[in-house]
Amino acid sequence: MRVDNGAAGGRAEDSEPWRVCVLDSSGRTLGAGMLLGESTVLTCAHVVQAAAGEDQAPAPPREVLVRFVGLPGAPETAGRVRPGCWAPPLADGRADVALLDLSEGFPGVPGAPLVRLGAVRDRVVHTYGFPHPHRHGVWVNDAELAGPAGAGGEWVQLNSKPPGERVRRGFSGAGVIDKATGAVLGMVVTEYTDERVGLAYLIPVETIVRHVPAVARWVGEPPRPPAGPIVVLIGDRESAVVRDFLAQARRERRVSRPRAPGPGLGERLAAVVDATGKTAGEVAEHVSAGIGTEEVTTVLATNPEEVAVAVAGVDAAQAPEEVLTEAVKPLMDKGATVLVQFSTPDSPGVGLARRWEGERNARRLDRLALLVEMVDHEEERTRDLASHAHPGVEVPGHAADLRLRLAALQSAGEHVEPGRVRRALAVTERDAEAARLELIRLHTELDARAARHDELRGRLRGYNAKATDAGLMEDEELGELYRPAMAALAAASDETSVADLVERYVRAVRRRLEGA
């Protein structure tokens, strides 16, 4: 069933269109949730249980309703718990995670950008919930993460800042969004019921994945800042812009994004506009004419990295700052690469363009800092797995170098040219992303090997129990086969050699049992 409820209108360009409200069949608000994939919603299990009319229902109800709050029209659609993705709350509050399959897909809606960190603390966040009587939801802004809490340290304490709205009943299942980067760090799980203090708790993404492993496929990197790079060029128009325009556009994108098939970056839609003597409106018209108004609108909405525009002679325009704010900034905000050329460092408009460069660098620096934290966490958990299951495996150590590079960028300040900072940021971002993926691949490989070793250990012990039951404990040949197999498992030896030793023992036991 799907109902369009226009009363709860959203913004067409909502930065968090994945936010949803979970309701029962009568339309009663139960809590919040997050769209992950086009037809998958993450929420708390107790939110779904509440649809049955009691908090401790033995099984999830057959169906709940999901309403989008970050989209115009606020569509409602039915959702059911996905088989194998139900972790109801334990007696001490742990677990409490559910995935819902929607009856309809929403392929055009981006999912919540989940990121996995270690000890999540000292970060400023915001979240959106549905406490009574706010059917269409309210924000809690500038809340702070205080550190691990709850049973087994599974939760993170969330402190709301008085005197504003606080996290309370109706927020369960809501995504907790990092203010600096827009990444989702976890999900609100409960409130502290003392009305005098604004305490609540969230389940971090790491814990969510532990209880419902299927969520791991939607865990990724922090979202990229939506604005494209602005490149400030000082000097002669001909040498600064026209001659090397496409080369510079490609270079700006290449350092931060991998080359995709098809047209080169910045080559599909490119325009060079001379702003000399022109108004802001005339510059915007020339940009549209140079690219094609209908095409540029489409590409900016889908692949903004394919759009590159150079505006030369900005300081010679009729109103340089108007050209920047009315013709240049809208392109940047949509993700295009924009080069702006001025004659001298003191030309009109240079200060504003440099400020924008600095602001974009600051946003990317926030993202890089979170990425480095993520690499640090991936290293820690991969080393922990290796030390327990694969002592001989060497885990790459990228985090220390990345932290040094991050510190250098954070201390660059105004004395370093913004373009140099931007390029160094892009390279360090790329290296951090590659390091994280390398560690995730290694952890996945080690985890699979550990699971295989556990399977072989269980097989070895099972056949050893059969041998014991058959009175074969004194069989010397079996003992000679059992001991090296168990030793190889304990040493986490090569999987092939371990499997061979285990199978030799298994075959010997089978022969004894068949002979008996």
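Residues numbered from 1 in each chain as written. Predicted model: local features only at pLDDT ≥ 70, side-chain atom pairs only at ≥ 80, totals over all residues. Heavy atoms only, no water.

Caption draft 1: Region of interest: the overall build of the chain. When helices and strands are counted, the chain shows 12 helices and 17 strands. Counting the 516 residues in the chain, one finds 51% classified as buried. Counting only contacts in the chain whose residues sit at least 6 apart along the sequence, the fraction spanning at least 24 positions is 71%. Summed over all atoms, the accessible surface of the chain reaches about 23,700 Å², with 50% contributed by carbon and sulfur. (Helix = DSSP H or I, 4+ residues; strand = E, 2+ residues; numbered from the N terminus. Buried < 20%, exposed > 50% of the residue type's maximum accessible area, 1.4 Å probe, protein only. Contact = heavy atoms within 4.5 Å. Areas by Shrake-Rupley, 256 points an atom, 1.4 Å probe, with all protein chains shown as cover.)

Caption draft 2: Examining the packing of helix α8 (residues 350-389) against helix α9 (residues 399-410) more closely. The contact between α8 and α9 brings their axes to 9 Å, and the two run at 165°. As judged from the angle between their axes, α8 and α9 are roughly antiparallel. Here the hand of the crossing between α8 and α9 comes out left-handed. Contacts from Leu365, Leu368, Ala369, Val372, Val375, Asp376 and Glu379 of α8 reach α9 at Ala399, Leu402, Arg403, Leu406, Leu409 and Gln410. In terms of residue class, the contact of α8 with α9 is built from nine nonpolar, one polar and three charged. (Axes fitted to C-alpha atoms, helices over the stretch in contact; angles between N-to-C directions. Parallel < 35°, antiparallel > 145°, perpendicular 65-115°, else oblique. Left-handed = near helix turned anticlockwise from the far one by under 90°. Nonpolar A, V, L, I, M, F, W, Y, C, P; charged D, E, K, R; others polar.)

Caption draft 3: Summary view of the packing of aromatic side chains. This model, assessed by the stated rule, comprises five aromatic pairs. Each ring, one from Tyr128 and one from Trp139, has its centre 4.7 Å from the other, and the planes form 70°; the classification is edge-to-face. Of this pair, Tyr128 sits in strand β8 (residues 124-129) while Trp139 sits in strand β9 (residues 138-149); the two residues are 11 residues apart in sequence, bridging distant segments of the chain. Residue Trp139 is classed as partly exposed on the basis of its relative accessible area, which comes to 29%. An aromatic cluster of at least three residues, connected via ring pairs, comprises Tyr128, Phe130 and Trp139. (Phe/Tyr/Trp six-rings, centres within 6.5 Å; stacked < 30°, edge-to-face > 60°.)

Caption draft 4: Up close: the nonpolar core. Within the largest apolar cluster, 52 residues are counted, with the highest numbers of intra-cluster contacts made by Leu145, Leu158 and Leu368. For this core, the leading source of residues is α8, giving 10 residues. Contact partners of Leu368, with chain neighbours within four places excluded, come to Leu406, Leu409, Leu425, Thr428, Glu429 and Ala432. Of all hydrophobic cores here, the second largest spans 46 residues; its members include Val20, Leu35, Val184 and Trp218. (Core = buried A, V, L, I, M, F, W, Y, C linked by side-chain atoms within 4.5 Å.)

Caption draft 5: Structural detail: the pairing of strand β16 (residues 307-312). Within β16, six of the six residues are buried, which leaves the element mostly enclosed by the surrounding structure. Residue alternation in β16 divides its side chains into two sets, Val307, Val309 and Val311 and Ala308, Ala310 and Ala312, and both sets are buried. Taken together, the four bridges between β16 and strand β17 (residues 337-342) define a ladder with parallel strand orientation. Looking at the pairing, Val309 lines up with Val338 of β17. Read from β16 through helix α7 (residues 320-333) to β17, the crossover connection turns out right-handed. (Pairing = 2+ DSSP bridges. Right-handed = clockwise from strand over helix to strand, strands pointing away.)

Caption draft 6: View of the environment of Gly335. For Gly335, the location among the structural elements is in the loop between α7 and β17. Since its relative accessible area comes to 5%, Gly335 is described here as buried. Once the C-alpha coordinates of Gly335 and Pro229 are considered, the two residues, 106 residues apart in sequence, prove to be 7.6 Å apart.

Caption draft 7: Examining the pattern of salt bridges more closely. Overall, the coordinates contain 39 salt bridges when judged by the stated rule. Of the charged contacts in the structure, one is a salt bridge between Arg436 and Glu221, with a shortest N-O distance of 3.9 Å. Taken as a pair, Arg436 in helix α10 (residues 418-469) and Glu221 in the loop between α2 (205-211) and β14 (230-234) lie far apart in primary sequence, 215 residues in all. Its salt-bridge partner being Arg430, residue Asp431 comes within 3.6 Å of it at the nearest N-O pair. Among the residues examined, Asp431 registers a relative accessible area of 27% and is labelled partly exposed. For Arg430, a relative accessible area of 38% puts it in the partly exposed group. Beyond isolated ion pairs, a larger network of salt bridges with shared partners links Glu221, Arg224, Arg364, Arg367, Glu429, Glu433 and Arg436. (Salt bridge = Lys/Arg side-chain N within 4 Å of Asp/Glu carboxyl O.)

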